[in-house]
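Chain by chain, the residues run as shown.
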Amino acid sequence: METKTNKLDARDFIFIGIFAAVALLIFFITGALAALTLFGTIANIPITLFFVSIAFMLAASKVRKTGVFFIMGIIIVLPGFMAANGIGVGLSIIGWFIAETLASMMKYKDKKAIILPYVLGSALQTALFTLPMYLSHGEYLIQRQEILHLTDEALAQYLQFFSWPVYGSMIALTVITSFAGAWISMRILKKHFEKAGMV
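Keep in mind that this is a model prediction, so the values were computed, not measured. Residue positions are given per chain, counted from 1 along the sequence in the order it is written. For this predicted model, a pLDDT threshold of at least 70 governs which residues receive local features, and a threshold of 80 or more governs which side-chain atom pairs are given and counted, while totals over whole chains, interfaces and linings are taken from all residues. The side-chain quantities take in all heavy atoms of the structure and omit both hydrogens and water.

Novice: So what's going on with a nonpolar patch on the surface? Residues and values would help.
Specialist: A grouping of Leu 25, Ile 29, Leu 33 and Leu 36 is seen on the molecular surface, where their side chains present a nonpolar patch of about 450 Å² in accessible area. Helix and strand assignments follow DSSP, with helices taken as H or I runs no shorter than four residues and strands as E runs no shorter than two, numbered in order from the N terminus. Locating Leu 25 in the fold gives a position in helix 1 (residues 10-34). Like charges are joined within 9 Å and nonpolar side chains (Val, Leu, Ile, Met, Phe, Trp, Tyr) within 5 Å, but only among residues with over 30% relative accessible area and no salt bridge; these make up the patches. Accessible surface is estimated by sampling points in the Shrake-Rupley manner with a 1.4 Å probe; for residues, cover comes only from the protein chains shown. Each reported salt bridge corresponds to a side-chain nitrogen of Lys or Arg within 4 Å of a carboxyl oxygen of Asp or Glu.

Structure, rendered in structure tokens:
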């Protein structure tokens, strides 16, 4: 289904705002639960993007216009400022712009044109948000130990994971989790929301 105009209108912004709020709620809940474990803290982005996919798929399926992924992506990376990683937030926004470019080229026309950009944006968010952390070889955490409320013991544990193999594996994990989340979400949309006339 293609729209007559590709420009977002007031109604579209309302829909995107609602889905973005849902995405942030899911992000905070799943992120907080994941952070209860060491692995969950290291793999926080891959884990949260699995669950956040439902909000992205709903927004993209409902609106199907240029700007959906970019706006949703900007909103979902803003909590990164809480971790004092402004550079990572800025780079992540660039990543979602690239994902939006792909979605716009594919015109949001079908399931593939929605899932692939989401996977791309998710992978770039993991890669670009955490890049400053890995480039600093853990200095990022040391400088922000107080802001992040890390004990010396927790800091020592996290520093062991700041290696390029872990960085690559987190990106690969994000590709897997975001694709799985998007695919499952689209099946849920088809089974329930399409029948209800919501998308």
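Novice: Just give me the short version of a positive patch on the surface, but keep the residues and values in it.
Specialist: For the purpose of counting charges, residues Lys and Arg are taken to be positive, whereas Asp and Glu are taken to be negative. His and the chain ends are not included. Where a charge sits is defined by one atom per residue type, namely NZ (Lys), CZ (Arg), CG (Asp) or CD (Glu). A grouping of Lys 111, Arg 187, Lys 190 and Lys 191 is seen on the molecular surface, where their side chains present a positively charged patch. Among the elements that line the positive patch, the one with the most residues is helix 9 (residues 164-193), at three residues. Of note, Lys 111 is situated in helix 6 (residues 111-135). Between buried and exposed lies partly exposed: a residue is buried under 20% and exposed over 50% of the maximum accessible area for its type, with that area taken using a 1.4 Å probe on protein chains only. Judged by its relative accessible area of 43%, Lys 111 falls in the partly exposed class.

Novice: Quick rundown of unusual backbone geometry? Include the residues and the values.
Specialist: Positive phi outside glycine occurs at Arg 64, with the angle close to 55°. Relative to the elements of secondary structure, Arg 64 occurs in the loop between helix 3 (44-63) and helix 4 (68-77). Among the residues examined, Arg 64 registers a relative accessible area of 13% and is labelled buried. Its identity as a non-glycine residue notwithstanding, Lys 107 has a phi of 60°, on the positive side. Following the sequence through the fold, Lys 107 ends up in the loop between helix 5 (86-105) and helix 6. Owing to a relative accessible area of 52%, Lys 107 belongs among the exposed residues under this scheme.

Novice: Pulling in residues and values, what's your account of the nonpolar core?
Specialist: Note on terminology: a nonpolar core comprises buried Ala, Val, Leu, Ile, Met, Phe, Trp, Tyr and Cys residues joined through side-chain atoms within 4.5 Å. One finds Phe 56, Met 57, Phe 69, Met 72 and Tyr 118 to be the most contacted residues of the largest nonpolar core, which totals 50 residues. Ranked by residues supplied to this core, first place goes to helix 3 with ten residues. Look past the residues within four positions of Met 72 in its chain and what remains in contact with it is Ile 16, Phe 19, Ala 20, Ala 23, Ala 55, Phe 56 and Ala 59. Should any heavy atoms of two residues lie within 4.5 Å, those residues are considered in contact.

Novice: Please set out helix 3 residue by residue, giving values where relevant.
Specialist: Expected helix span is given by 1.5 Å per residue-to-residue step, counting one fewer step than there are residues. Taking 1.5 Å of rise per residue, the 20 residues of helix 3 would be expected to cover 28 Å, and the 28 Å separating its terminal C-alpha atoms lies within 8% of that figure. Here the bend at each residue means the angle between axes fitted to two seven-residue stretches, the one ending at that residue and the one beginning there. The largest bend in helix 3 amounts to roughly 40° and is located at Phe 51. Burial of helix 3 is extensive: 15 of the 20 residues sit out of reach of the surface. Once helix 3 finishes, Arg 64 follows within two positions and takes phi at roughly 55°, a positive value.

Novice: Account for the packing of helix 1 against helix 4, naming residues and giving values.
Specialist: Contact pair helix 1 / helix 4: the axes reach a minimum separation of 10 Å and the direction vectors enclose 35°. Read as a crossing pair, helix 1 and helix 4 show a hand that is right-handed. Across from Phe 13, Ile 16, Phe 19, Ala 20, Ala 23, Leu 24 and Phe 27 in helix 1, the residues of helix 4 making contact are Val 68, Ile 71, Met 72, Ile 75 and Ile 76. Axis lines are fitted through C-alpha atoms, for helices just across the contact stretch, and the angle between N-to-C directions can take any value from 0 to 180 degrees. For a crossing to be left-handed, the near helix must be turned anticlockwise from the far one by less than a right angle; the clockwise case is right-handed.

Novice: So what's going on with the side chain of Thr 177? Which residues, and what values?
Specialist: With respect to the element layout, Thr 177 can be found in helix 9. Sequence-distant contacts of Thr 177, defined by excluding residues within four places in its chain, comprise Pro 46 and Phe 50.

Novice: Lay out the packing of helix 3 against helix 6 with the relevant residues and their values.
Specialist: Axis angle and axis distance: for two packed helices, these are the angle between their axes and the distance between the axes, and together they describe the pair. At a minimum axis separation of 10 Å, helix 3 and helix 6 run at an interaxial angle of 140°. Here the hand of the crossing between helix 3 and helix 6 comes out right-handed. On the side of helix 3, the interface is formed by Ile 45, Pro 46, Leu 49, Val 52, Ser 53, Phe 56, Met 57, Ala 60 and Ser 61, while helix 6 contributes Ile 114, Ile 115, Tyr 118, Ser 122, Gln 125, Thr 126, Phe 129 and Thr 130.

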